[in-house]
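# Fold and contact review
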Amino acid sequence: MKLLFVTLLFVSLILSSSFVQLSFAKRVAPPPTPTPTPVAPAPAPPSFCDSKCGERCSNAGVKDRCVKYCGICCRECKCVPTGTYGNKSECPCYRDKLNSKGKPKCP
C-alpha cells in the first residue's frame, strides 16, 4: 500500500513537471510574410527629357539652369508641358513640384 502511494506520487510529480514545462515554453510565432515592396515606375529616358526640355527652355534667359531643373522634373514626372511657358495644367506632377522655399521647382 505504501509502495503504491509512493509510486502514484512519483508519477504525478513527473507528469505535473512536464505540464509546467509546456506552459512556460515560448510559443514560436510563424515568420512574418514578406510584404512586396512597391516598385517605383522607371524614370523617363534621357533622350525624351532632353528633347522636351530643349523645347521648353528655348527662350529661357538662363538656359543651363532651366534645362537642369526641367530635366529633374521630367525624369520624376515623365512629362513636360508643351510650349516655352505656362501650360502646366497638362502635367500636374510638373506643376505641383516645389523647391525648399515653396516656389515652383519646374520651369
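Coordinates for the structure precede this section.
On a predicted model such as this, the values are computed, not experimentally measured, just so you know.

### Focus on the pattern of salt bridges
- Counted by the stated rule, this structure contains two salt bridges.
- Between Glu76 and Lys97 there is a salt bridge whose closest N-O contact spans 2.9 Å. On the criterion of sequence distance, the pair formed by Glu76 in helix α3 (residues 63–77) and Lys97 in the segment after α4 (92–96) is long-range, its members being 21 residues apart.
- Accessibility expressed as a relative area gives 22% for Lys97, which makes it partly exposed.
- Residue Asp96 pairs with Arg95 through a salt bridge whose shortest N-O separation is 2.9 Å.
- Note on Arg95: relative accessible area 38%, which makes it partly exposed.

How each quantity is defined
Residues numbered from 1 in each chain as written. Predicted model: local features only at pLDDT ≥ 70, side-chain atom pairs only at ≥ 80, totals over all residues. Heavy atoms only, no water. Salt bridge = Lys/Arg side-chain N within 4 Å of Asp/Glu carboxyl O. Helix = DSSP H or I, 4+ residues; strand = E, 2+ residues; numbered from the N terminus. Buried < 20%, exposed > 50% of the residue type's maximum accessible area, 1.4 Å probe, protein only.

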